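Each chain is listed here by its residues.
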Amino acid sequence: MWRKTFIGLLGMSLALTTPAAATAEPAEQVTNGGFDAGTAPWWWTSNAPGAVVDGRLCATVPGGTVNPWDAIIGQNEIDLEAGQSYKFAFTASASTSATVRANVQLADPPYTAELSQQVPLTSSATRQEYEFTSTVTTAKAQVAFQIGGNADSFDFCVDDVSLAGGSEPPPYIPDTGPRVRVNQTGYLPSSAKHATLVTTATEPVAWRLSRPDGTVAASGNSKPRGIDPTSRQNTHTIDFSRAAPGKGYTLSADGETSVPFDIGGEFYQRLKTDSLAFFYHQRSGTPIEESLVGARYARPAGHLDVPPNQGDTNVACQPGVCDYRLDVRGGWYDAGDHGKYVVNGGISVAQLMSEFERSPRAFGDGNLRIPERANGVPDILDEARWELEFLLRMQVPAGKPYAGMAHHKIHDNEWTGLPLPPHLDPKLRELHPVSTAATLNLAATAAQCARLFSRYDRKFAARCLTAARQAWAAAKANPAIYASPSDATGGGAYDDTNVNDEFYWAAAELYLTTKGVEYRDAVLSSPVHTADVFTADGFSWQSVAALGRLDLATVPNGLPDRARVRQSVIAGADKYLATARSQAYGLAYAPPEGKYVWGSNSQVLNNLVVLATAYDLTRRTAYRDAVFTGLDYILGRNPLNISYITGYGERDAHNQHHRFWAHQMDAALPNPPAGSLAGGPNSYIQDPVAQDKLKGCADAMCYIDDIGSWATNEVTINWNSALAWVAAFAAEQAERRHE
Ligand code: 9MR
């Protein structure tokens, strides 16, 4: 359980007195070889899922495979230099005697091995050390434990893996492509059109917009913006708002040419559908059908108690938490993990329902590829119902302690590693304690369910309303039961110790659905009702007041101060508009002290929801333009020149952290499907890959498209729900005007 030692600085100071070569320790090429930081960036084949057990990486290897490489644990992106000598060392054991192969080799075909060693293992852990001289120079080698080819199944464990030699790995420099940064998909013809140029120039430079045949469609001069503090880049803005619709444009300035893009909003319709399709892919407890998603994305049902799964149809609580079991099948997996969390499920399903409620006619029955298509109910509501049914199952039944409250979450009792398709998750599933926040998430979303489903399924709507009322009463009776921040083994904590905003949101939804006096009074007497809920960092699973406020502003109701409520949304949007105008990349997100949070892309998109709602309330073009400028950032006009949405743009994120869409680790598995949003820059870089590569990063560049970087590059239901809401707005605007 060593930590990777950083000897670079030590080597430098010794070099002052003695020749460095004689004294400096060899560089360490393996990251997290002691597994102190979990399993990343290690990977394995899906038949031998790894997990950290007592500080070592262990995997149960199936018996009866043919070749050593039929089961592998490895680490990629290892640097080797020709002529340098290396020592490969590790400590390993096998529960029953087995022979494995320890390789240092190319990660890609022809997989040439620089070292390949047969290693007989027994149940007592032994230290192995092998030396070799590399014949190649590459940044794409791998260390690989080939653990297949044994007759019997065994548990393989490894620890303290080291590959010492060569030079210190060079500092990571992101590939940011051409210095002209554009929305890589396209600009709406009727909206403002801006690009950002990164340059050393301080005076305006000439730009030109070219058609695919090389002819010039528009030209002008850039506007210097100075140093952008979010990226530390010197920037200029290029305004080509007047350019006409067309396909395959490129924008050139300062000797650089952008990736091609369109002026035309057709793709927003596709984004609207793709961003919603994400939720079907994330469903738990049902097979993901090949006929709907294609062979690559199809998978068996997860967590229906089919071995090796242990859940979710009959799940007990964590020890000592409750004495009953619940059937909590279904719902959506939260993210790249297999946890299901009521708190985060709440905002996600609420955003889908609000997307529908904003514009019901924009959602048909049969335009999403889901099993319930053509059942007489709009598909987006079918998808929402998949989650709502799960949320309802998380409610404590009558007659039990805390009846009416909701369990905070259900997930594995230990973290699993990647890759791991849901149906192969072998861990014990556990219900965690109830919480006030989860209960109010249930109250709010079940109340909205009752409102929206009454037209389509009165029985279901009535079930939702009963659950919502019971949850509200239970939360009132238990107003301060908080999820523990340290309850984060095997799943996220989603902890929250301020539930004023959850009370407000639930009261708002219950009032909008029932017009009940109790709920109306709860809205009016809440301190949140008159507070500024549109903060610089935006709303989130933890700060949900805006969900209530936006619905009170847009869903018809008889609140005495409704005009003020609507005005507060406009005032919030005005602040985001001012922020967008003040930033080099036009971004309506400026968090406190410039620190981008985990999932910053969803904070950006939630601010766009506020701007879009202000547009709905006022029809002021400036708000709508700011929404599209915000989408420009998400789709590539940003300091890293990356589209954060899989399948959109020339340079798209596609290695997001996910246990099934783990193509980066196992070529047989897919990348995330088109329309999956990466979390985005996170100043706090809380995972080993980000820490290894991004130390000292500028806030808006603290992101890496690597499957091991869960703190910057995960996908999550509450992020895609924000994207889906904004994409539906954009699709509607794109359809509305083609000028
Ligand atoms: O989105 C969550 C973020 O706001 C928190 O800071 C972070 C750490 O607690 O957790 C994020 O949520 C993760 C959850 O805990 C587990 N599933 C994946 C989620 C996205 O990374």
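- Going by an unreviewed UniProt entry, the protein carries the name Non-processive endocellulase and comes from Kibdelosporangium persicum.
- Recorded in UniProt under Sequence similarities (unreviewed entry), the annotation for the protein is "Belongs to the glycosyl hydrolase 9 (cellulase E) family."

Some details on the site of the ligand
Here is step 1 of the chain: Asp334, Ala335, Asp337, Tyr341, Gly492, Tyr494, Trp541, Trp598, Glu714, Thr716 and Trp719 make up every residue found near the ligand.
Here is step 2 of the chain: Separating a nitrogen atom of the ligand from a side-chain N or O atom of Asp334 is a distance of 2.9 Å.
Here is step 3 of the chain: Look at the ligand: alone it shows 450 Å² of surface, and the protein chains cover 79% of it.
Here is step 4 of the chain: Within the shell around the ligand, the residues separate by chemical class into six nonpolar, two polar and three charged.

Describing the nonpolar core
Here is step 1 of the chain: Judged by nonpolar contacts, the single largest core of 159 residues is most densely connected at Trp472 and Leu611.
Here is step 2 of the chain: Top contributing element to this core by residue count: helix H17 (residues 717-736), with 13 residues.
Here is step 3 of the chain: If near-sequence neighbours (up to four positions away) are discounted, Leu611 is found in contact with Ala573, Tyr576, Leu577, Ala588, Tyr623, Ala626 and Val627.

Examining the UniProt feature "active site" (unreviewed entry) in the protein
Here is step 1 of the chain: What UniProt calls "active site" (unreviewed entry) maps, in this numbering, to Asp705 and Glu714.
Here is step 2 of the chain: Assignment of secondary structure puts Asp705 in the loop between helix H15 (688-694) and helix H16 (710-713).
Here is step 3 of the chain: Setting aside residues no more than four positions away along its own chain, Asp705 makes contact with Ile642, Asp652, Ala653, His654, Asn655, Gln656, Gln664 and Asn713.
Here is step 4 of the chain: Along the chain, Glu714 turns up in the loop between H16 and H17.
Here is step 5 of the chain: If sequence neighbours within four positions are ignored, Glu714 has contacts with Ala335, Gly336, Asp337, Gln656, His657, Leu677, Ala678, Gly679, Ser709 and Trp719.

Concerning unusual backbone geometry
Here is step 1 of the chain: With an omega of 10°, the peptide bond running from Pro109 to Pro110 counts as cis.
Here is step 2 of the chain: Topologically, Pro110 is positioned in the loop between strand E6 (98-106) and strand E7 (113-121).
Here is step 3 of the chain: Non-glycine residue Asp305 carries a positive phi angle of around 70°.
Here is step 4 of the chain: The backbone of Tyr494 sits at a positive phi, close to 45°, despite the residue not being glycine.
Here is step 5 of the chain: In this fold, Tyr494 is placed in the loop between helix H8 (458-477) and helix H9 (500-514).

Details of the state of the cysteines
Here is step 1 of the chain: In this structure the tally under the stated criterion is four disulfides.
Here is step 2 of the chain: One disulfide in the model links Cys697 with Cys702; its S-S distance is 2.1 Å. Taking the sign of the torsion about the S-S bond as the criterion, the disulfide between Cys697 and Cys702, at about 105°, is right-handed.
Here is step 3 of the chain: On the accessibility criterion, Cys697 (18% relative accessible area) is buried.
Here is step 4 of the chain: A residue is classified by how much of its surface remains accessible, and Cys702, at 1% relative accessible area, is buried.

Some points on the packing of aromatic side chains
Here is step 1 of the chain: Going through the model one piece at a time under the given rule, you end up with 26 aromatic pairs.
Here is step 2 of the chain: With a centroid separation of 5.4 Å and an interplanar angle of 45°, the aromatic rings of Phe35 and Trp42 are classed as tilted.
Here is step 3 of the chain: Ring centres of Tyr589 and Tyr596 lie 5.1 Å apart, and the angle between their planes is 85°; on these two criteria the pair is classed as edge-to-face. For the residue pair Tyr589 and Tyr596, the accessibility class agrees, reading buried in each case.
Here is step 4 of the chain: Taken together, Phe88, Phe90, Tyr130, Phe145 and Phe156 form an aromatic cluster joined through their ring pairs.
Here is step 5 of the chain: Geometry around Phe363 places Lys272 over its ring, the cationic atom sitting 4.5 Å from the centre.

Procedures and definitions
- Residues numbered from 1 in each chain as written.
- Predicted model: local features only at pLDDT ≥ 70, side-chain atom pairs only at ≥ 80, totals over all residues.
- Heavy atoms only, no water.
- UniProt positions renumbered as here; feature names shortened; annotations may be inferred.
- Near = heavy atom within 4 Å.
- Polar contact = N/O pair within 3.5 Å; in protein donor to acceptor, adjacent residues only side chain to side chain.
- Areas by Shrake-Rupley, 256 points an atom, 1.4 Å probe, with all protein chains shown as cover.
- Nonpolar A, V, L, I, M, F, W, Y, C, P; charged D, E, K, R; others polar.
- Core = buried A, V, L, I, M, F, W, Y, C linked by side-chain atoms within 4.5 Å.
- Buried < 20%, exposed > 50% of the residue type's maximum accessible area, 1.4 Å probe, protein only.
- Helix = DSSP H or I, 4+ residues; strand = E, 2+ residues; numbered from the N terminus.
- Contact = heavy atoms within 4.5 Å.
- Disulfide = S-S within 2.5 Å.
- Phe/Tyr/Trp six-rings, centres within 6.5 Å; stacked < 30°, edge-to-face > 60°.
- Lys NZ or Arg CZ within 6 Å of the ring centre and 35° of its normal.

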